[in-house]
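These are the residues of each chain, in order.
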Amino acid sequence: MDSRIITITSGKGGVGKTTTTANLGTALAMQGKKVAVVDADIGLRNLDAILGLENRIVYDLVDVVEGQCRLRQALIKDRRTPSLFLLPAAQTRDKNAVNSVQMEQLCQQLRQEFDFVLIDSPAGIEQGFRNAIVGADEIVIVANPEMASVRDADRIIGLVEAAGKAEPRLILNRLRPEMVRRGDMMDVADVLEVLGIGLLGIVPEDEMIIIATNKGEPAVYDKSSRAGRAYLSAAQRIMGEEVPLEDMVESPSLLERFRRMLGFGPAMPDEKRLRSQSS
Amino acid sequence: MGVFEFMVGRKKQTPGELAKERLKVVLVHDRLKVNPEVLEMIKSELLLVISRRLDVDEQNMQISLARESGWDTIQANVPIKRQKVSFEWDPPSHPNANDGVMRGKIHLEEDE
């Protein structure tokens, strides 16, 4: 089977790796692909809860690696999207319970069964991160448009390169269009210029993500969620489809333009530059 | 640029722009693993070399790392004290000696 193993990582914690893994995995499965999402954050499992599958865990990744059960016994089938499976992390073990060789073997096993294997990496740059990328064909970096996150993303890019992997692609997550418009937040072009990698998607800050997490239903199921739609587009790009980027930083209202003409507020963002980045 | 901005004649850097500029600097430092101590060493070594030939203003010398059009760069701004510089070949009639090496003296005088 021509299968692809994609690791979602970030360096910094709390930028939306797990949410991104859950949504991209679900979106790919909704497109008819057979997908496994793997929680490689051993000891701090969360992917199960975001997918609403937390009550169905019997075996986990460490059990599989240690031979306590077969891979198929540990995989949890998502009833809403039957081609989506979760391999949960162990909750009572730590990141050193698995080594890189075991992780690579697990990836090879998953490759036999699935079109896509999405691995949710733990934060940090230690063994857990190394395990998460060792078997990956592609890396997706999640970053927020703020200093600490972009700085850590840059560090991860360096480590991914040193590991001999192909150039990672970026999901710019939790962008706040209104703040970008005011000049209070870095825009997409700024982050791309600093990091120098390609863009896979832009996901706006969206309250629906918290609601989705509360319900255990990834936002991609909800057509009214902007973040959900952005993840759906990113998943289509992973499959090689040409999907235009949504213009998050839409044109301000006439009143706002007038206000700015009079000098109350920052200069207009360079819309042309943003568009050229998105083509 | 807004009308008032134009009248005041300055363009204030937005927090977004500021973040980008700060990131550029910090990333070059991270990538090259150059800490301020190393930068200070480079600065004093540069001074040593340049001051052999020119009288420089040490106090106002600036050295920094930056990312410019895709390249990590080191930038040194070394102000030179105002002075007259003249060069005297040795021997005067024959700047290129038999061995192909140019010899001469640099004369520096404080400009009054």
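What counts, and at which threshold
- Residues numbered from 1 in each chain as written.
- Chains lettered and ligands numbered in written order.
- Predicted model: local features only at pLDDT ≥ 70, side-chain atom pairs only at ≥ 80, totals over all residues.
- Helix = DSSP H or I, 4+ residues; strand = E, 2+ residues; numbered from the N terminus.
- Buried ≥ 20, exposed ≤ 12 C-beta atoms within 10 Å, placed from the backbone.
- Contact = placed C-beta atoms within 7 Å.
- Axes fitted to C-alpha atoms, helices over the stretch in contact; angles between N-to-C directions.
- Left-handed = near helix turned anticlockwise from the far one by under 90°.
- Nonpolar A, V, L, I, M, F, W, Y, C, P; charged D, E, K, R; others polar.
- Pairing = 2+ DSSP bridges.
- Expected span 1.5 Å × (residues − 1).
- Arc of directions from axis to C-beta.
- Core = buried A, V, L, I, M, F, W, Y, C linked by C-beta atoms within 7 Å.
- Right-handed = clockwise from strand over helix to strand, strands pointing away.
- pLDDT = per-residue confidence, 0-100.

This part is about the overall build of chain B. Regarding its fold elements, chain B presents three helices and four strands. Within chain B, the proportion of its 112 residues that are buried is 4%. Here the contacts in chain B between residues at least 6 apart in sequence split such that 45% fall between residues at least 24 apart.

For the rest of this paragraph, the subject is the packing of helix 7 (residues 147-162) of chain A against helix 9 (residues 188-195) of chain A. Residues and elements named next belong to chain A. In contact at an axis separation of 10 Å, helix 7 and helix 9 are set at 35 degrees when each is read in the N-to-C sense. Viewed along their axes, helix 7 and helix 9 form a crossing whose handedness is right-handed. Across the interface between the two elements, Val 150, Ala 153, Asp 154 and Ile 157 from helix 7 touch Val 191, Val 194 and Leu 195 from helix 9. The residue makeup of the contact of helix 7 with helix 9, split by class, is six nonpolar, no polar and one charged.

Residues and elements named next belong to chain A. Across the seven residues of strand 8 (residues 198-204), five count as buried, placing the element largely inside the fold. In terms of strand pairing, strand 7 (residues 169-175) meets strand 8 through six bridges, oriented parallel. Each bridged residue has a counterpart across the sheet, and for Leu 172 the counterpart in strand 8 is Ile 202.

Bringing the environment of Gly 43 of chain A into the picture now. All names here are of chain A. Here Gly 43 shows up in the loop between strand 2 (35-39) and helix 2 (47-50). Taking the C-alpha atoms as reference points, Gly 43 and Pro 88, 45 residues apart in sequence, are found 11 Å from one another. The residues contacting Gly 43, other than those within four sequence positions of it, are Gln 91, Arg 93, Asp 94 and Lys 95.

Our next topic: helix 2 (residues 15-32) of chain B. In this model helix 2 of chain B runs 26 Å from its N-terminal to its C-terminal C-alpha over 18 residues, within 8% of the 26 Å that 1.5 Å per residue would give. Every buried residue of helix 2 of chain B is accounted for by Gly 16, Ala 19, Lys 20, Leu 23 and Leu 27 of chain B. Looking straight down helix 2 of chain B, one finds its buried side chains confined to an arc of 95 degrees; they lie on one side. Looking at the buried side of helix 2 of chain B, the elements it contacts are helix 7, helix 8 (177-182) and helix 9 of chain A together with strand 1 (62-68) of chain B. Directly after helix 2 of chain B, the chain includes Lys 33 of chain B, whose backbone phi takes a positive value near 55 degrees.

Our next topic: the nonpolar core. If you look at the biggest cluster of nonpolar residues, it comprises 85 residues, and the most contacted ones within it are Val 35, Leu 118 and Tyr 231 of chain A. If you tally residues by element for this core, the top one is helix 11 (residues 226-238) of chain A, at seven residues.

The next subject is the sheet that holds strand 3 (residues 76-77) of chain A. All names here are of chain A. In space, the eight strands of this open sheet follow the order 3-4-2-5-1-6-7-8, with mixed pairing throughout. A strand with exactly one partner marks an edge of an open sheet, and here the two such strands are strand 3 and strand 8. For strand 2 and strand 5 (residues 116-120), the ladder comprises five bridges, and the chain directions are parallel. Within the sheet, the bridge partner assigned to Val 38 lies in strand 5 and is Ile 119. The sheet contacts of helix 1 (residues 17-30) involve strand 1 (4-9), strand 2, strand 4 (84-87), strand 5, strand 6 (138-143) and strand 7, and relative to strand 5 the element is tilted by about 170 degrees. On top of the sheet, helix 6 (residues 127-134) reaches strand 1, strand 5 and strand 6; it is set at about 155 degrees to strand 1, its chief contact.

Turning next to the pairing of strand 6 of chain A. Consecutive residues of a regular strand have side chains that alternate between opposite faces of the sheet. All names here are of chain A. Buried residues dominate strand 6, accounting for five of its six residues. In terms of strand pairing, strand 1 meets strand 6 through four bridges, oriented parallel. Considered in strand 6, the bridge of Thr 7 is made with Ile 139. Taken together, the four bridges between strand 6 and strand 7 define a ladder with parallel strand orientation. Residue pairing in the sheet places Val 140 in a bridge with Arg 169 of strand 7. Where the polypeptide runs from strand 6 across helix 7 and back to strand 7, its parallel neighbour, the crossover connection is right-handed.

Turning to unusual backbone geometry, a few remarks are in order. Working note: non-glycine residues mostly have negative phi, and peptide bonds are mostly trans. Residue Arg 174 of chain A is not a glycine yet carries a positive backbone phi of 60 degrees. By secondary structure assignment, the location of Arg 174 of chain A is in strand 7. Residue class for Arg 174 of chain A comes out buried when judged on the 22 C-beta atoms lying within 10 Å of it. The phi angle at Lys 33 of chain B is positive, at roughly 55 degrees, despite the residue not being glycine. Its place among the elements puts Lys 33 of chain B in the loop between helix 2 and helix 3 (36-51).

What follows covers the environment of Gln 236 of chain A. All names here are of chain A. Note that Gln 236 resides in helix 11. For Gln 236, a count of 16 C-beta atoms within 10 Å corresponds to the partly exposed category. In this view, Gln 236 contacts Glu 241 and Val 243; residues no more than four positions away in its chain are not counted.

With that out of the way, let us pick up the confidence of the model for chain B. Caution applies to low-pLDDT parts of the model: their predicted coordinates are not meant to be read in detail. All names here are of chain B. Residue-level pLDDT values for chain B average 77, and 71% of them are 70 or greater. Taken element by element, the predicted model of chain B shows its lowest mean pLDDT in helix 1 (residues 3-8) (46) and its highest in helix 3 (90). Scored below 50 in pLDDT, residues 1-9 shows 14 contacts in the model against residues more than four places distant or in partner chains. On the interface metric, ipTM, the complex scores 0.76, and its pTM is 0.78.

Another point: the confidence of the model for chain A. Here chain A averages 91 in pLDDT, and 89% of its residues register 70 or above. Across residues 266-279 of chain A the pLDDT falls below 50, and counting only partners more than four positions away or on other chains, this stretch makes 20 contacts in the model.

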